[in-house]
Amino acid sequence: MEICDGNLINEIDVESIIEAEYPDVAVLMNECLSFCGLCAIKPYAMVNGTRVFANTPEEALEKIRTKIEEELAFYAE
């Protein structure tokens, strides 16, 4: 999972939350993910190459959890 340093999702400590809930998931903080403007408009993260975003950091975190669960289920098969 990748997060841009300037992203609105950083209003909550998503890195610590995700790493605590999903020890197998690495959270990488990047200076920029090259989606110019998106970080200033909506909280988002990249989960295994897919953009996951919402209107609030809390909503984005829930969508990120869902996407991580989908990815982990896929690789568990």
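Up top you'll find the structure we're talking about.
Everything quoted here is computed from the prediction, not taken from an experiment.

Scoring rules and cut-offs
Within each chain, residue numbers correspond to sequence positions counted from 1 in written order. At least 70 in pLDDT is required for a residue's local features to be given in this predicted model, at least 80 for side-chain atom pairs to be given and counted, and no such filter applies to totals for whole chains, interfaces and linings, which use all residues. Values shown for side chains rest on all heavy atoms present in the structure; no hydrogens or waters enter the calculation. The criterion for strand pairing is that DSSP finds at least two bridges linking the strands in question. Numbering of helices and strands starts at the N terminus; helices are DSSP runs of H or I of at least 4 residues and strands are runs of E of at least 2. Throughout this description, the term salt bridge denotes a Lys or Arg side-chain nitrogen within 4 Å of a carboxyl oxygen of Asp or Glu. For every residue, the accessible area obtained with a 1.4 Å probe (protein chains only) is divided by the maximum for its type, and the residue is called buried under 20%, exposed over 50%, and partly exposed between those limits.

Peer 1: Hey, could you go over the pairing of strand β4 (residues 50-53) for me, with residue numbers and the actual values?
Peer 2: Regular strands place side chains that alternate from one sheet face to the opposite one. Pairing geometry for strand β3 (residues 44-47) and β4, over four bridges, is antiparallel. Paired with Met46 across the two strands is Arg51, which belongs to β4. The turn joining β3 and β4, which pair antiparallel and follow one another in sequence, is formed by two residues; a positive phi near 50° is taken by Asn48.

Peer 1: Report on the pattern of salt bridges, specifying residues and quantitative values.
Peer 2: For the structure shown, the criterion picks out four salt bridges. Close ionic contact of Arg65 with Glu21 constitutes a salt bridge, the shortest N to O distance being 2.7 Å. Of the two residues, Arg65 sits in helix α3 (residues 57-76) while Glu21 sits in helix α1 (residues 14-21), which places them 44 residues apart along the sequence. The class for Arg65 is buried, based on a relative accessible area of 19%. With a relative accessible area of 37%, Glu21 lands in the partly exposed category.

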